[in-house]
Amino acid sequence: MDLRIFTEPQQGATYDTLLTVAKATEDLGFDAFFRSDHYLRMGSVSGLPGPTDAWITLAGLARETSRIRLGTLMTAGTFRLPGVLAIQVAQVDQMSGGRVELGLGAGWFEEEHKAYGIPFPKEKFARLEEQLEVVTGLWATEAGKTYDFHGTYYDLTESPALPKPAQGRVPVIIGGHGAKRTPRLAARYADEFNIPFASLEDTERQFGRVRAAAEEAGRAPGSLVYSNALVACVGRDDAEVARRAAVIGREVDELKANGLAGTPAEVVEKIGRYEAAGSERIYLQMLDLDDLDQLELISAEVMPQLS
């Protein structure tokens, strides 16, 4: 079971804060550092000092880390043209020495689009499918050849399809709760399928849908990695769990029901239940980025029990 750190910088974080967390992620033995791709805070937090861009952040971290994987859950398809995104991700992959992964979604948070003048199209899912075709098609084009794509939303003619990622293939992550189109899209394009903030029952059901879609597409279901993203709130005892829950504005009972909350032993038991439902990787959503002690606790008392 891989454990990855997943941050939500739109809630309020500087690049220096993210760098500190990324370095702790690497030093403490976690597999990867991921971040959301949002430009507007959610809920009652101030969001100060303001948003940071996901791929600019990852470019910086690519040069200041050496081992951990780096990526997004999820890059919003509404934010970037697919040709530009392919260039950005390939460049950051080169800067990292081949450690980047691309989580790509349709985009959903209409308010942030209004706040920063970003178009919010009605047909987002159909656009996402074309974006995935373009991004992966550009990377897969042989050096010296050109790439053409003529779709409903995007049109590329004689693209040199450069630059290339450092990896042979940048892993693509697709996720969500959709019952039909999402599994089919994952079966066609994804290296990993992620379901965010889902119950055990919903996790098992959705993984089953993706496996069935993969079989229907003529693909081995086991060729995808299956993962969850879950909020984490871990403490040495009940008092520490309650203190950490209060800092992020959540109730302990709610966190235990919907996330990974409690003592290390409780969290290990809950992770085991997700593993039984088919999960191979957990993204730990860390909402208090100043609490490095919690990362140390998870590293010392949760990770060893998962191996």
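Small disclaimer: the values here were computed from a predicted structure and weren't measured. (Residues numbered from 1 in each chain as written. Predicted model: local features only at pLDDT ≥ 70, side-chain atom pairs only at ≥ 80, totals over all residues. Heavy atoms only, no water.)

Draft legend 1. Structural view of the overall build of the protein chain. Along the backbone of the protein chain there are 12 helices and 12 strands. For 307 residues, the compact-globule estimate of 2.2 N^0.38 gives 19 Å, and the protein chain sits close to it at 19 Å. For the protein chain, the C-alpha atoms occupy an extent of roughly 60 × 45 × 35 Å along the three principal directions. A burial count over the protein chain gives 54% of its 307 residues as buried. (Helix = DSSP H or I, 4+ residues; strand = E, 2+ residues; numbered from the N terminus. Rg over C-alpha atoms; globule rule 2.2 N^0.38 Å. Buried < 20%, exposed > 50% of the residue type's maximum accessible area, 1.4 Å probe, protein only.)

Draft legend 2. Representation of the nonpolar core within the structure. Ranked by size, the top nonpolar core spans 76 residues in total, and within it Leu3, Trp55, Leu102, Trp139 and Leu284 carry the most contacts. At 7 residues, the largest contribution of residues to this core is made by helix α5 (residues 124–140). (Core = buried A, V, L, I, M, F, W, Y, C linked by side-chain atoms within 4.5 Å.)

Draft legend 3. Quick peek at empty space enclosed by the protein. Across all of its chains, the model carries 2 cavities of 30 Å³ or more by this definition. Every residue along the wall of the largest cavity is listed here: Ala232, Cys233, Arg244, Val247, Ile248, Met286, Leu287, Asp288, Asp291 and Gln294. Elements with a contribution of two residues or more to the lining of the largest cavity: β10 (225–234) and α8 (238–247). Tallied by class, residues from the lining of the largest cavity come to 6 nonpolar, 1 polar and 3 charged. Estimates place the volume of the second largest cavity at around 40 Å³. Partitioning the lining of the second largest cavity into residue classes produces 5 nonpolar, no polar and 2 charged. (1 Å grid on protein atoms, 1.4 Å probe; cavity = no way out; pocket = protein on both sides within 12 Å on 5 of 7 lines; lining within 4 Å. Points joined across faces, edges and corners; volume = space filled by probe spheres on them. Nonpolar A, V, L, I, M, F, W, Y, C, P; charged D, E, K, R; others polar.)

Draft legend 4. Inspection of the packing of aromatic side chains at higher detail. For the structure on display, the rule yields 6 aromatic pairs. Lying across the ring of Phe120, Lys124 places its NZ or CZ 4.3 Å from the centre. Its guanidinium or amino end placed over the ring of Tyr226, Arg211 lies 4.3 Å from that ring's centre, counting from NZ or CZ. (Phe/Tyr/Trp six-rings, centres within 6.5 Å; stacked < 30°, edge-to-face > 60°. Lys NZ or Arg CZ within 6 Å of the ring centre and 35° of its normal.)

Draft legend 5. Region of interest: the pairing of strand β1 (residues 2–7). Within β1, 5 of the 6 residues are buried, which leaves it mostly tucked inside the rest of the structure. In this sheet, strand β12 (residues 281–286) lies alongside β1 in parallel orientation, the contact comprising 6 bridges. Looking across to β12, one finds that Asp2 is bridged to Arg281. Bridge count between β1 and strand β2 (residues 32–35): 4 bridges; the pairing is parallel. In the sheet register, Ile5 faces β2, and the bridge partner there is Phe33. (Pairing = 2+ DSSP bridges.)

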